[in-house]
Structure formats: structure tokens, C-alpha cells
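Coordinate analysis (summary)
Each chain, letter by letter, is given below.
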Amino acid sequence: MTLPRRWPLIAIGLLVVLILPLVLNQLGNLYAVRVIGLVGIYCILGVGLNITIGYTGLLDLGYIAFYAIGAYTAAILSIAGISFWLGLPIVMVVGGAIRLGLGAPILRLRGDYLAIVTLGFGEIVRLVLINLDAITNGPKGLPRVGEKIADVKLFAFTLTENIHFYYLILVFLLIAIFISHRLEHSRLGRALIAIREDELAATLSGINIARTKAVAFVISGIIGAVAGDIYVHWNQFVSPESFTFWESVLLVSMLVIGGMGNVWGILLGVVLLVAVPEVLRSTLGTAFVDYRMIAFGLLMVVIIIFRPQGLLPSRRRALELEAAGGEP
Amino acid sequence: MFFQQLVNGITLGSIYALFALGYTMVYGILLMINFAHSEIFMVGAYLGFWALSLLPVWVQGWTPGYFILVFAIAMMGAGLLAVTIERVAYRPLRRASRLAPLISAIGVSIFLQNLVQVTVSAQSQPYPDTFKISHYEFFGVQVNSLQIFIFALAISAMVLLQVFITKTRLGKAMRATAQNHTVSQLMGINVNFIITVTFLIGGALGGLAGVLNGMYYGSIKFNMGFFPGLKAFTAAVVGGIGNIKGAMVGGFLLGIIEALTVGYISSAYKDIILFAVLILVLIFRPTGIFGEEVTEKI
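Residues numbered from 1 in each chain as written. Chains lettered and ligands numbered in written order. Predicted model: local features only at pLDDT ≥ 70, side-chain atom pairs only at ≥ 80, totals over all residues. Heavy atoms only, no water.

The number of helices and strands found in chain B is 12 helices and four strands. The globule rule puts the C-alpha radius of gyration for 298 residues at 19 Å, and the 19 Å found for chain B is close to it. The principal-axis extents of the C-alpha atoms in chain B amount to approximately 55 × 45 × 40 Å. Out of the 298 residues belonging to chain B, those deemed buried represent 55%. Considering only residue pairs separated by 6 or more positions, chain B has 76% of its internal contacts joining residues 24 or more positions apart. Accessible area of chain B: about 13,100 Å², with a carbon and sulfur share of 67%. One finds the centroid of the 16 positive side-chain charges in chain B at a distance of 12 Å from the centroid of its 9 negative side-chain charges. (Helix = DSSP H or I, 4+ residues; strand = E, 2+ residues; numbered from the N terminus. Rg over C-alpha atoms; globule rule 2.2 N^0.38 Å. Buried < 20%, exposed > 50% of the residue type's maximum accessible area, 1.4 Å probe, protein only. Contact = heavy atoms within 4.5 Å. Areas by Shrake-Rupley, 256 points an atom, 1.4 Å probe, with all protein chains shown as cover. Lys, Arg positive; Asp, Glu negative; His and termini not counted. Charge placed at Lys NZ, Arg CZ, Asp CG, Glu CD.)

Look at the link from Leu142 of chain A to Pro143 of chain A: it is a cis peptide, with omega at -5 degrees. Tracing the chain through its elements places Pro143 of chain A in the loop between α6 (133–136) and β1 (152–154). You will see that Gln236 of chain A, though not glycine, has its phi angle at about 60 degrees, which is positive. Topologically, Gln236 of chain A is positioned in the loop between α10 (209–235) and α11 (245–258). Backbone geometry places Leu31 of chain B, a non-glycine residue, at a positive phi of 55 degrees. With respect to the helices, strands and loops of the structure, Leu31 of chain B is situated in the loop between α1 (2–30) and α2 (37–54).

Let us now look at a positive patch on the surface. All names here are of chain B. Together, Lys167, Arg169, Lys172 and Arg175 line one region of the surface with positive charge. The biggest single contributor to the positive patch is helix α7 (residues 169–179), with three residues. Residue position: Arg175 is located in helix α7. Note on Arg175: relative accessible area 37%, which makes it partly exposed. (Patch = residues over 30% accessible without salt bridge, like charges linked within 9 Å, V, L, I, M, F, W, Y side chains within 5 Å. Salt bridge = Lys/Arg side-chain N within 4 Å of Asp/Glu carboxyl O.)

Time to look at the environment of Asn235 of chain A. Residue and element names in this part refer to chain A. Structurally, the position occupied by Asn235 is in helix α10. Since its relative accessible area comes to 24%, Asn235 is described here as partly exposed. For the pair Asn235 and Asn162, spaced 73 residues apart in sequence, the C-alpha separation works out to 9.5 Å. A distance of 3.0 Å separates polar atoms of two side chains, one belonging to Asn235 and the other to Arg34. A polar atom in the side chain of Asn235 sits 3.0 Å from the backbone oxygen of Phe237. (Polar contact = N/O pair within 3.5 Å; in protein donor to acceptor, adjacent residues only side chain to side chain.)

Turning our attention to the packing of helix α4 (residues 84–106) of chain A against helix α5 (residues 111–131) of chain A. Residue and element names in this part refer to chain A. Two elements in contact, α4 and α5, have axes whose closest approach is 11 Å; the angle formed by their N-to-C orientations is 145 degrees. Helix-helix and strand crossings are classified by hand; for α4 and α5 the assignment is right-handed. For the pair α4 and α5, contact is made by Ile98, Leu102 and Ile106 and by Leu114, Val117, Thr118 and Phe121, respectively. (Axes fitted to C-alpha atoms, helices over the stretch in contact; angles between N-to-C directions. Left-handed = near helix turned anticlockwise from the far one by under 90°.)

Two side chains that carry opposite charge are able to pair once their charged atoms sit near each other. Here the structure, examined in full by the defined rule, presents 10 salt bridges over all chains. Through salt bridges with shared partners, a single network forms among Lys231, Glu258, Lys270 and Asp271 of chain B.

Another aspect to go through is the confidence of the model for chain B. All names here are of chain B. With 96% of its residues at a pLDDT of 70 or more, chain B shows a mean pLDDT of 88. Mean pLDDT in chain B bottoms out at helix α3 (residues 57–60), which sits at 63, and peaks at helix α9 (residues 191–217), which reaches 94. Note on the complex model: pTM 0.84, ipTM 0.83. (pLDDT = per-residue confidence, 0-100.)

All names here are of chain B. Inspection of the sheet shows strand β2 (residues 135–138) paired to strand β3 (residues 141–144) by four bridges, in the antiparallel sense. Bridged to His135 within β3 is Asn144. In sequence, β2 turns back onto β3 through a hairpin of two residues, with Phe139 there showing a positive phi of about 45 degrees. (Pairing = 2+ DSSP bridges.)

With 41 residues of chain A in contact, the opposing surface of chain B contributes 43 residues. Roughly 3,800 Å² is buried in total at the junction of chain A and chain B, and carbon and sulfur atoms are behind 81% of that figure. Across the chain A-chain B interface, the total number found is zero salt bridges. At the level of secondary structure, the elements contributing two or more residues to the side of chain A that touches chain B comprise α4, α5, α11 and α13 (287–306) of chain A. Looking at which element gives the most residues to the side of chain A that touches chain B, the answer is α5 of chain A, with 15 residues. Residue composition of the side of chain A that touches chain B, by class: 29 nonpolar, five polar and seven charged. (Buried area = accessible area lost by both parts, 1.4 Å probe. Nonpolar A, V, L, I, M, F, W, Y, C, P; charged D, E, K, R; others polar.)

The biggest cluster of nonpolar side chains holds 194 residues, and the ones touching the most others in it are Leu59, Ile230 and Phe243 of chain A together with Met215 of chain B. Broken down by element, the residue count for this core peaks at 14 residues, all from α1 of chain B. Apart from the residues lying within four places of it in its own chain, the contact partners of Leu59 of chain A are Ile53, Leu114, Ala115, Thr118 and Val252 of chain A together with Leu99, Leu102 and Ile103 of chain B. Ala191, Ile195, Ala202 and Ile209 of chain A belong to the second-largest nonpolar core, a separate cluster that totals five residues. (Core = buried A, V, L, I, M, F, W, Y, C linked by side-chain atoms within 4.5 Å.)

Moving on to α11 of chain A. Residues and elements named next belong to chain A. When the terminal C-alpha atoms of α11 are compared, their 20 Å separation across 14 residues agrees well with the 20 Å that a helix rising 1.5 Å per residue should span. Burial runs high along α11: 12 of the 14 residues are buried. Buried residues of α11: Phe245, Ser248, Val249, Leu250, Leu251, Val252, Ser253, Met254, Leu255, Val256, Ile257 and Gly258, and no others. With its phi angle positive at about 130 degrees, Gly259 sits one or two positions after the end of α11. (Expected span 1.5 Å × (residues − 1).)

Further remarks concern the packing of aromatic side chains. Residues and elements named next belong to chain B. Summed over the entire model, instances satisfying the criterion amount to 28 aromatic pairs over all chains. With a centroid separation of 5.4 Å and 85 degrees between ring planes, the pair formed by Phe2 and Phe3 is classed as edge-to-face. Phe2 sits in the partly exposed class, given a relative accessible area of 39%. Taken together, a centroid distance of 5.8 Å and an interplanar angle of 40 degrees make the contact between Phe19 and Tyr23 tilted. In this pair, Phe19 and Tyr23 both sit in helix α1, four residues apart, roughly one turn of the helix. Look at Phe19 and you get buried, because its relative accessible area is 0%. Using a relative accessible area of 5% as the deciding quantity, one classes Tyr23 as buried. (Phe/Tyr/Trp six-rings, centres within 6.5 Å; stacked < 30°, edge-to-face > 60°.)

As C-alpha cells, this is what we get:
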């Protein structure tokens, strides 16, 4: 494997993400470390969702449901005394299986119908979490009084502080980016992009549409579930209200604004939509938060009209857009 | 119990049917899901709210004229809003991929909801109860005058729309545009004008549904459009999206299903059941009850 062309940039970026939180932590700015950790979680979700939306062109408006499924499965396992590392594969299997179960019947639907069905599924999951008191403790969330989500242990070391979880999140994010990057340039990735561009032409080129879409859909669901697993161990609490439709919309907006199909675009989108508002909130007060969503709404419309490829589009997609005469 | 829930369901269904017409008309012509339609419903309800509370007392004394004026304001405002949204957020994307207008519509929806939340109120507000409600009982089934009023108004709006679509020149042009934009244009139809008219009518009906919804439930909130919007969209899909009669039948069907779920199972499950209906219909009969099989153009 040769080094990517922009390796100095990547090296500097890696150094920053490795050292900056450590410096902030030493300076005692724990809030900043927490925000950076949160950005990391959203980046994992963004990378996962990008496989569905960015590569395959399936607009998934209920992705947050898989984050929720991962978080709840992990919480239940953890309360039952199963450790993070043992629980992780179980969470992945549960997330992947449910994703496959949902995907099998709906993946043949046309794009906009698929969007609405995934939206419906996302809301069903949230409503079930609220109403299934016996398992999920309803709106009060997990763990119940007297129960505890187990700590994450790495050999003899127990992760307790935000900075510990930050590095755990970073490792998982890098794995997700690696998977996503290898996928994009694999035979499967090229098949996904072919499907996005023209399903009929892809079929005629011998691509098994149903199976290829399902594989992408499941991989992306597993990544979402893993993000939920990490989040619940870090946060030590989970409740249905974290998984509203607007969270899914926020994820989609991150991809649209940042640039679909490109990992750097996703990072930019997350920083713009999660980190910047957090920082502005701590400096400008809560009044700003109310106006944040108004700005997002406008930004989505403006970007989709004037720069449909996003702020930092993938190089391949930008070329394709240019070749097609500026139309996606 | 059954007939009581049926009455409630038909009232609810009247609102959903009016609301669903906007989704189905826009889909019929542009093949796009107008996600912002639920916000047009919400804005319509707020316009009605202001008209009901702010109109001078001498107008309020004259009951029929008062309500006509309130509905006219709400419908006109909602219709114009829908037309503006189309101009600003959808028209530039007419040649873009199918998902682009949907994303743009979601952006408009976020914008409007939060605008109302920030500038008007984040809390739910009581709707003025200027409508004098009298209760009747037929064979043990409670019916009130508001339910009869909503049903009658919805039916007359639908009949008018049906006459407009089938009997007038403009209606004919709309049907032609729904079939094929290019050929309609060659026949001398101003397609952009037809699309504007479609959004105007759909938006006005959505606004009417919003006011009726506010009067029926007695309160409004900035996010009141979301769930009814999904239900109305489901109604449009169940009836066969793009089909006007389908949206009406689908609306009543959904209202009745919801009322029966509330009556016999639990109100906690009414939204789950409706989403399940949407998913099942899309999987097993995506063309709905009245929809025609459309072959994908290559």
C-alpha cells in the first residue's frame, strides 16, 4: 500500500487529534474533551451513514434507530454483567440482524419511498423503547435505580475519564474510516457507486442489486450500533429522547453540508454541526441554540441548490458531477 | 363503542384526507414528497389562530362570515406559503436527482418549525373556542356539532376539488401536466403556472386541515404537523399516491384505523400501528388502492 497523496496533511491531522485532547485534559478543560469525544461519536455515525447515503445513494432517515438499538442492547447486556468486549460482538450481531431484517423487504423500494419507510422505522423504534417498560424502563431510560452499566476495562486498566473514552472512540473511528476507505475502493464499493448512479445500468453490468445494497446497508447498521455501544458505556445512561427523528436529520445534514461520500467532508460536517454549536453555546448562551436549527434548515436548502456536492466533496464524486454537466 | 370510535375516526379522517390531498397532488405532478407540507399545515393552524383571536369584535358577532373570513385567511396564507416554498426551494432543483428536492424540503421543514418555535412560542397554545359546540346523541353514539362541521366542510372541499379537476380547463391542464410535462408544454400548457396552481390548492387545503385540527384538539404547537403529516402521507400512499380519490379514501381509512386503535388497544400504540401500516403498504402494495402500475422510464 502506497502512502496517500496528501499524507503530510493526514499526518498533521492525526497528530492534532492525538495530542490536542490530551493538552486540553491537562489544562483541566474537561468540557472541551467531552465535546471532542461527542464529535468522535458523531463522526463514527457519519462514516456509517455515509456508506448508505454517500456510496449507495439510499436516503436513510432513520439511521439513529440503529444507534439506539446498539445503545440499548449494550446497556441491557452490561447490566446483566457482560463486559464491553464480550458484549461488542453481540451488539454488532443484533444491530446487523435487525438492519438485515428491515433492509430485506424495503431495499427494493424507490429512493423517496425508502426514505419515508426508514423514517417510519426510526420512529417505531423510539416509540417501542418508550412503551416497552419491562425491558427498556420506558421514558425513564436505563439503567434503573440500583443498577449500573459496567465499566470498560482494557486488561487491568479501567476507563473512567472522558479522555480515556476519547481514545477509545478515536480507535473505533479510525477503524470505521479504514473500513469505509477500503470499501470505497473495493469491487463492492464500485458496485455501490454504480448502483447510486444508475441502478438499471448496474444490473446490466451483472451486479446483484439486492445483495449488494443489503451488504452496504448491514455494514452501515453495524457501525451505528457500535457507536451506540460506546456511547452508552461512556455516558452510563440511555433514554429514548436521545433518538428523535431530528437526530437522524442532523446526521443527514452533516453529510449533505460536509460532502457526501468523503470522510473529510463528514468530519467537517460534524465539526460545523456539533462542535461549533456546542462552543458557541458555552460562549453566547442558550439563546443561540434556538436559532441553530433555523440556520441548519436554511443551510441545507442553500447547499443543496448551490453546491449539491457539499463543502468538501469526494474527488471522484466531484469529477462525476462535473462530467455530467453539473448535475448529480 | 365501535360506532363511537367510527364517528371519531371519520372526523379525524376528514382532516387527514384534506391534508393528504396536498401530498398527493404535488406527487402526481412533480413526483416528489413535499416534506414541508406538514409545516404548511402548522402555519395554517397558526394563521387561523391569529385570525380567530385578533379579528375585531363586530366581525366575531356575525358567525358565518367570521368563520369564512378565518378560513379564507388561513387557506390563502398557507397556499401562498406553499407557492413560495416551491419557487425558492424546489424549482431550482427540478432537474436534479430525485433526492435533492426531498433534502431541500426537509431543510424548509426544519427552518419553518424552528422559526415558529423561536418567534412565536415553544409551548402549546390553547386554540380559541369560538365555535359553539352542541352535543347530540343518536342511538347511544355521541356526535357534536364540531364533528359534523369538520366532516361537512371536508366533503364540500373535496367535491369542489373533484369538480375543478375533472370539469374545468385548468383541471384538465393539471391532469395533462401530471401525465407528461414536455408534451403538455407542446400543447401550449404553461407547466410552471400549473405547478404553482397545484401548490396553491394543495397548500390551501393543508392550511384548512390545520385550522380544523386546531379547533378539534383545542391546542396548537410548532411541531404539531409532524405526526399528522406522516399520517396524511401514509393516507396518500394507502390510497395510491398521485390519485386524488385515493387520498380522500386513504385519509378516512387512516382516521378510522387510528380511532379504533385508540378505542380497542391503547393510544400509546396508535402511532406505531400507523407506521406499521405505511411500511406494510409500501412493501406489499406500493401502488396503493387506486394507484396504477407505473413502469419506470428508462
